[in-house]
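Results of the structural survey
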Amino acid sequence: MANIKSAKKRILVSRTRADRNKAIRSGVKTAIKKVYAAIETGDKEAAKAELNAATKTIEMATSKGVYHKNNAARKVSRLSKAVNGMA
C-alpha cells in the first residue's frame, strides 16, 4: 500500500475509472449481443433498431475514451455488415 498521499489518491482514482470503464464496456457487449440475437431470430426491423442502439452505445463509449475510434468503427462496421447481410 502506498504511503504518499498523492499515490493513495492515484490508486483511488484509477480504481474508480477502471470500474466506470468496465461498466461501459459491459454495456457495449450487451448491445452487440442484442444485435446478434435479433439477427438470429431473422427479424430485420428489430435488428436495425438494435443496430442503431448499439451504434449509439459504442460511439458514446468512444467519446468517453473507453475505446479507440478505429476500434469503435470496426465494431460498428461488423455489426452493420451482419445486419445488411440478412436474407
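Look a little higher up for the structure.
Notes on the structure in this doc start here. None of the values given here were measured: they were computed from a predicted structure.

Here we take up the overall build of the protein. Secondary structure assignment for the protein yields 3 helices and 0 strands. Each helix and strand of the protein, ordered N terminal to C terminal, gives the series α-α-α. Compactness check: the protein gives a C-alpha radius of gyration of 17 Å against a globular reference of 12 Å for 87 residues, more than 25% above the reference. When its C-alpha atoms are laid out on the principal axes, the protein stretches across 60 × 20 × 15 Å. Every one of the 87 residues in the protein was classed for burial, and the buried ones make up 24%. Considering only contacts within the protein whose residues lie at least 6 apart along the sequence, 63% involve residues at least 24 apart.

Another point: helix H2 (residues 44-63). Taking 1.5 Å as the rise per residue, H2 with 20 residues should run 28 Å; its terminal C-alpha atoms sit 28 Å apart, in good agreement. Among all positions of H2, only Ala47, Leu51, Ala54, Thr55, Ile58 and Ala61 are buried. Each buried residue of H2 sits inside an arc of 130° when the element is viewed along its axis, so together they form one side. Set apart from the buried face of H2 by more than 90 degrees, the exposed residues are Glu45, Asn52, Lys56, Glu59 and Ser63. One side-chain oxygen of the residue at the start of H2 lies 3.4 Å from the amide nitrogen of Glu45, identifying that residue as Asp43. In the stretch just after H2, Gly65 is the one whose phi turns positive, near 90°.

Rules of the game
Residues numbered from 1 in each chain as written. Predicted model: local features only at pLDDT ≥ 70, side-chain atom pairs only at ≥ 80, totals over all residues. Heavy atoms only, no water. Helix = DSSP H or I, 4+ residues; strand = E, 2+ residues; numbered from the N terminus. Rg over C-alpha atoms; globule rule 2.2 N^0.38 Å. Buried < 20%, exposed > 50% of the residue type's maximum accessible area, 1.4 Å probe, protein only. Contact = heavy atoms within 4.5 Å. Expected span 1.5 Å × (residues − 1). Arc of directions from axis to C-beta. Polar contact = N/O pair within 3.5 Å; in protein donor to acceptor, adjacent residues only side chain to side chain.

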